[in-house]
Amino acid sequence: MALFVPVNFMKRKNTVLLATPYGLWITGFTIIPLLMVVYYGFTSRSTGVLTLDNIKLISTPENLKALWLSVQLSLLSTFLCLLIAYPLAMILRNMKAKSNSFMVMLFIMPMWMNSLLRIVAWQNILEKRGILNTFLSFLHLPALEIINTPAAIVFGMVYDFLPFMILPLYNTLVKIDENVINAAHDLGAGNFYTFIKIIFPLSIPGVVSGITMVFVPSLTTFVISDILGGSKVLLIGNVIEQQFQKLNNWNSGSGLSLVLMVFVLLSMTLVAKYDKGEGRTNVL
Amino acid sequence: MIDNKLIELVNITKRYDGNIVIDDLNLYIRENEFLTLLGPSGCGKTTTLRIIGGFETPDEGKVIFDGKDITKLPPNERQLNTVFQKYALFTHMTIADNIAFGLKIKKKSKQYIKDKIKYALKLVNLDGYENRMPDSLSGGQQQRIAIARAIVNEPKVLLLDEPLGALDLKLRQDMQYELIRLKNELGITFVYVTHDQEEALTMSDTIMVMNQGYIQQIGTPEDIYNEPKNAFVADFIGESNIISATMVRDKLVNILGADFPCVDIGFGENKPVDVVIRPEDIDLVAPQNGTISGRVTSLIFKGVHYEMEVMANGFEWLVHSTDMSPVGSEVGIHVDPFDIQIMNKPESEDEKASANEL
Ligand SMILES: Nc1ncnc2c1ncn2[C@@H]1O[C@H](COP(=O)(O)OP(=O)(O)OP(=O)(O)O)[C@@H](O)[C@H]1O
Ligand SMILES: [Mg+2]
């Protein structure tokens, strides 16, 4: 017993010591900024007194429209990402070769490049007289008027966030024991039945993190909509950005941010509910 | 036992990246037989089982089931079920859903499935576990669920890949009896993979000893133990003294310079052979009464018997006996003629594979 006390004490002391930098980090870069957003969001710009006006700003028709459009486009891009990434992750999983991790790397490599750079590149491609239309006219095909439409924004979101869907999906899929799949076949299940009853349910933790990893940045982005949507399509991210950058109104910007945060939290709770938990990679 | 060939493997060859893993293997399995594939790690046991189960297609050769060629049939269309080494339970389903999986695919009625689950759980001594999740069960319990999940489908053949490999000794022995009981109760053919020779001897009707993709010997446990065909089998099944010797003539063999009478005939005269003598078949006698004599170099108490090493004529003889002779004592070695097993020196390719292993 006498031996145990100091060991235990040491352990606790070590843990505290180790945790200190992270504690400072969280305080400095998460808690304080969050408190500031809450403070600005609930105070008036001119008088500094407590008010709900900044929050209520969301109910103006333009802002509601921007929020609604954001939700729609984010849902669509998340869905498209899932649709593209799932079969791809399955293929990568089934490759089982040495080249397999290299292939995964190829697909997530765009993540290593600056996001702004990639989006600007797409702007150049999709522009009215951009690379795509030059190419189409060369083939005597009609030009595509994609730039500055919601379609271009969704395209940008899918391109930008696809790796965030592939990675968690691939990670859960490779972890499924080949013999579990063999067992399903062994018991008489065909490929489709095995997928529906075994593979997909076992991959749900990956689906859930993939969805959050794509939906949340899609909902809050302003860069993609700025560049690929011109000033024609306003998302909630753009509205907030304008409050801060153009109008220099930190109070309204914070108020709208808080509303958006509530949306993010709600959507994450909703998604997490479908993941039956079991202590797996839960985002919430 | 009915002498009806249920499964036949004909000239099966399997390669991985150019390496031959199974080489021209021929084997038949009779109805109701308990056949064990036994061999060291990497010898191709799992591969053979996977070829029977349909998870692997052989590069050459045919798999015949009940007279029909099923070489190209996918696993879900074969009338056999597998119990995988690491259970491979469906962790997102309850025990009941795991067991019902195959029955639902066969579109059995709700009542039938319910009854079957109850029956199967009773059979593996886990009644009342219907609503538990696999993760909440111990290793042994999970393995029994894997067995229950397979047998409810009433397969003609059950393939088991080291099903007891992950269990501790006591549980393993319990499960061995349980499996034999199940087999007798259900009348299914078992193809069983293990690298545990004791398990193989206890459970099997027939043992197939494999090494490096070749069959070394097929026979009853008694055959394999008492009359190993070559040094590999002798060494792999139980402990033994394997000694290079010369067959002087029929019924007389010269081992390490001394003539021992034996019962084997037909090996020719003055032919080099290998002899196998089991440690428990060696009698330690007074030095002057032994065929040869030597000195005890080590003594270990093993519970049931003493294990001794005797240095005689330049060879360390392994001896098991209930009587002990202290280290350093002078002893004579006597072996009854029928306890000396004579084997040809390896000649053919198959046997060379075994010689390499030694
Ligand atoms: N998918 C595969 N790709 C390449 N080589 C393989 C593959 N599966 C098995 N092998 C090789 O084939 C040989 C036989 O393997 P197998 O799994 O049949 O051995 P085993 O007798 O079951 O061994 P263990 O007792 O260790 O399970 C081994 O050398 C193994 O490395
Ligand atoms: Mg194996």
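## With respect to the pairing of strand E14 (residues 271–277) of chain B
Residue and element names in this part refer to chain B.
Next, step 1: Most of E14 is tucked away, with 5 of its 7 residues classed as buried.
Next, step 2: Relative to E14, strand E11 (residues 241–249) runs antiparallel, the two sharing 7 bridges. Following the sheet pairing, Ile 242 is matched in E14 by Val 276.
Next, step 3: Bridge analysis of E14 against strand E20 (residues 341–344) gives 4 bridges, and the strand direction is antiparallel. When the sheet's bridge partners are listed, Val 276 is paired in E20 with Gln 341.

## Considerations on the packing of helix H9 (residues 191–220) of chain A against helix H2 (residues 95–105) of chain B
Next, step 1: As a packed pair, H9 of chain A and H2 of chain B sit with axes 13 Å apart at the nearest point and diverge in direction by 155°. On the basis of their axis angle, the class for H9 of chain A and H2 of chain B is roughly antiparallel. You can see that H9 of chain A and H2 of chain B cross each other, and the crossing is right-handed. Counting all contacts with H9 of chain A, which are made through Tyr 193, Lys 197 and Ile 198 of chain A, the residues of H2 of chain B involved are Phe 101, Lys 104 and Ile 105 of chain B.
Next, step 2: Grouping the amino acids of the contact of H9 of chain A with H2 of chain B by side-chain chemistry returns 4 nonpolar, no polar and 2 charged.

## With respect to the packing of H9 of chain A against helix H12 (residues 250–274) of chain A
All names here are of chain A.
Next, step 1: Two elements in contact, H9 and H12, have axes separated by 10 Å at closest approach and are oriented at 165°. It follows from the interaxial angle that H9 and H12 lie roughly antiparallel. Crossing of H9 over H12 shows right-handed handedness. Of the residues in H12, those touching H9 at Ile 204, Val 208, Ile 211, Thr 212, Phe 215, Val 216, Leu 219 and Thr 220 are Leu 260, Phe 263, Val 264, Ser 267, Met 268, Val 271 and Tyr 274.
Next, step 2: By residue class, the composition of the contact of H9 with H12 is 12 nonpolar, 3 polar and no charged.

## Observations concerning the site of ligand 1
Residues and elements named next belong to chain B.
Next, step 1: Lining the immediate environment of ligand 1, one finds Tyr 16, Val 21, Ser 41, Gly 42, Cys 43, Gly 44, Lys 45, Thr 46, Thr 47, Glu 162 and His 195.
Next, step 2: Within the contact set of ligand 1, an oxygen atom lies 2.7 Å away from a backbone nitrogen or oxygen of Gly 42.
Next, step 3: Glu 162 has a polar side-chain atom sitting 3.3 Å from an oxygen atom of ligand 1.
Next, step 4: Ranked by residues supplied to the shell around ligand 1, first place goes to helix H1 (residues 45–53) with 3 residues.
Next, step 5: For the shell around ligand 1, the residue count by class is 3 nonpolar, 6 polar and 2 charged.

## A short note on the interface of chain B and chain A
Buried accessible area, meaning the area lost when the parts come together, often serves as the stated size of an interface.
Next, step 1: Across the contact, 21 residues belong to chain B and 16 residues belong to chain A.
Next, step 2: Carbon and sulfur atoms supply 63% of the area that chain B and chain A bury against each other, a total of about 1700 Å² over both sides.
Next, step 3: Contact with chain A buries area across many residues of chain B, yet Asn 76, His 92 and Phe 101 of chain B alone supply 31% of it, more than any other trio.
Next, step 4: Taken together, the connections running from chain B to chain A amount to 0 salt bridges.
Next, step 5: On inspection of chain B and its partner chain A, the count reaches 4 residue pairs in polar contact (both at pLDDT 80 or more).
Next, step 6: Listed by contribution, the elements that provide at least two residues to the side of chain B that touches chain A are strand E6 (80–83) and H2 of chain B.
Next, step 7: Ranked by the residues each element gives to the side of chain B that touches chain A, the list is headed by H2 of chain B, at 4 residues.
Next, step 8: Class assignment of the residues belonging to the side of chain B that touches chain A gives a composition of 10 nonpolar, 7 polar and 4 charged.

## Some details on the layout of surface pockets
All names here are of chain A.
Next, step 1: Counted as a void, the second largest pocket has a volume near 320 Å³.
Next, step 2: What lines the second largest pocket is a set of 15 residues, and nearest its centre among them are Leu 75, Ile 211, Phe 215, Ser 267 and Val 271.
Next, step 3: Going through the elements one at a time, helix H3 (61–95), H9 and H12 are the ones with two or more residues in the lining of the second largest pocket.
Next, step 4: Looking at which element gives the most residues to the lining of the second largest pocket, the answer is H12, with 6 residues.
Next, step 5: Among the residues making up the lining of the second largest pocket, the classes are represented as 12 nonpolar, 3 polar and no charged.

## A look at the domain arrangement of chain A
Residues and elements named next belong to chain A.
Next, step 1: Taken domain by domain, chain A consists of domain 1 (1–41) and domain 2 (55–277).
Next, step 2: Just the C-alpha atoms count here: the centres of domain 1 and domain 2 sit 34 Å apart.
Next, step 3: On the domain 2 side, the residues contacting the 5 residues of domain 1 number 8 residues.
Next, step 4: Approximately 540 Å² of surface area, both sides summed, lies buried where domain 1 meets domain 2, with 75% of it carried by carbon and sulfur atoms.
Next, step 5: Its largest share of buried area at the contact with domain 2, domain 1 owes to Val 37, Tyr 40 and Gly 41, together 78% of the area lost on that side.
Next, step 6: Inspection of the domain 1/domain 2 interface yields 0 salt bridges.

## Overview of unusual backbone geometry
Residues and elements named next belong to chain B.
Next, step 1: With phi around 50°, Asp 24 is a residue other than glycine that occupies positive phi space.
Next, step 2: The backbone of Lys 251 sits at a positive phi, close to 65°, despite the residue not being glycine.
Next, step 3: With respect to the element layout, Lys 251 can be found in the loop between E11 and strand E12 (252–255).

## A short note on the packing of aromatic side chains
Residues and elements named next belong to chain A.
Next, step 1: Applying the stated criterion to the full structure yields 19 aromatic pairs over all chains.
Next, step 2: Aromatic side chains Tyr 39 and Tyr 40 sit 5.6 Å apart centroid to centroid with 65° between the ring planes, which places their arrangement in the edge-to-face category.
Next, step 3: Judged by its relative accessible area of 26%, Tyr 40 falls in the partly exposed class.
Next, step 4: Geometrically, the ring pair formed by Phe 161 and Phe 164 is tilted, given 6.4 Å between the ring centres and 50° between the ring planes. Residue Phe 161 and its partner Phe 164 are located together in helix H7 (residues 150–175), separated by 3 residues, close to a single helical turn.

## Structural notes on the confidence of the model for chain A
Residues and elements named next belong to chain A.
Next, step 1: For chain A, mean pLDDT is 87; residues scoring 70 or higher make up 92% of the total.
Next, step 2: Between the elements of chain A, mean pLDDT differs from a low of 81, seen in helix H4 (residues 100–108), to a high of 95, seen in helix H8 (residues 178–186).
Next, step 3: Segment residues 277–284 is flagged for pLDDT under 50; beyond a separation of four residues in sequence, or across chains, it makes 13 contacts in the model.

## Overview of the side chain of Asn 153 of chain B
Next, step 1: As for its position among the elements, Asn 153 of chain B is in the loop between helix H4 (139–151) and strand E7 (157–161).
Next, step 2: A polar contact of 2.9 Å, which involves the side chain of Asn 153 of chain B, links it to the backbone oxygen of Arg 149 of chain B.
Next, step 3: Looking at Asn 153 of chain B, its side chain comes within polar contact range of the main-chain oxygen of Ala 150 of chain B, at 3.2 Å.
Next, step 4: When near neighbours in sequence (up to four residues on either side) are disregarded, Asn 153 of chain B contacts Leu 187 of chain A together with Asn 81, Gly 102, Leu 103 and Lys 106 of chain B.

About the cut-offs
Residues numbered from 1 in each chain as written. Chains lettered and ligands numbered in written order. Predicted model: local features only at pLDDT ≥ 70, side-chain atom pairs only at ≥ 80, totals over all residues. Heavy atoms only, no water. Buried < 20%, exposed > 50% of the residue type's maximum accessible area, 1.4 Å probe, protein only. Helix = DSSP H or I, 4+ residues; strand = E, 2+ residues; numbered from the N terminus. Pairing = 2+ DSSP bridges. Axes fitted to C-alpha atoms, helices over the stretch in contact; angles between N-to-C directions. Parallel < 35°, antiparallel > 145°, perpendicular 65-115°, else oblique. Left-handed = near helix turned anticlockwise from the far one by under 90°. Contact = heavy atoms within 4.5 Å. Nonpolar A, V, L, I, M, F, W, Y, C, P; charged D, E, K, R; others polar. Near = heavy atom within 4 Å. Polar contact = N/O pair within 3.5 Å; in protein donor to acceptor, adjacent residues only side chain to side chain. Buried area = accessible area lost by both parts, 1.4 Å probe. Salt bridge = Lys/Arg side-chain N within 4 Å of Asp/Glu carboxyl O. 1 Å grid on protein atoms, 1.4 Å probe; cavity = no way out; pocket = protein on both sides within 12 Å on 5 of 7 lines; lining within 4 Å. Points joined across faces, edges and corners; volume = space filled by probe spheres on them. Domains from an automatic or database assignment. Phe/Tyr/Trp six-rings, centres within 6.5 Å; stacked < 30°, edge-to-face > 60°. pLDDT = per-residue confidence, 0-100.

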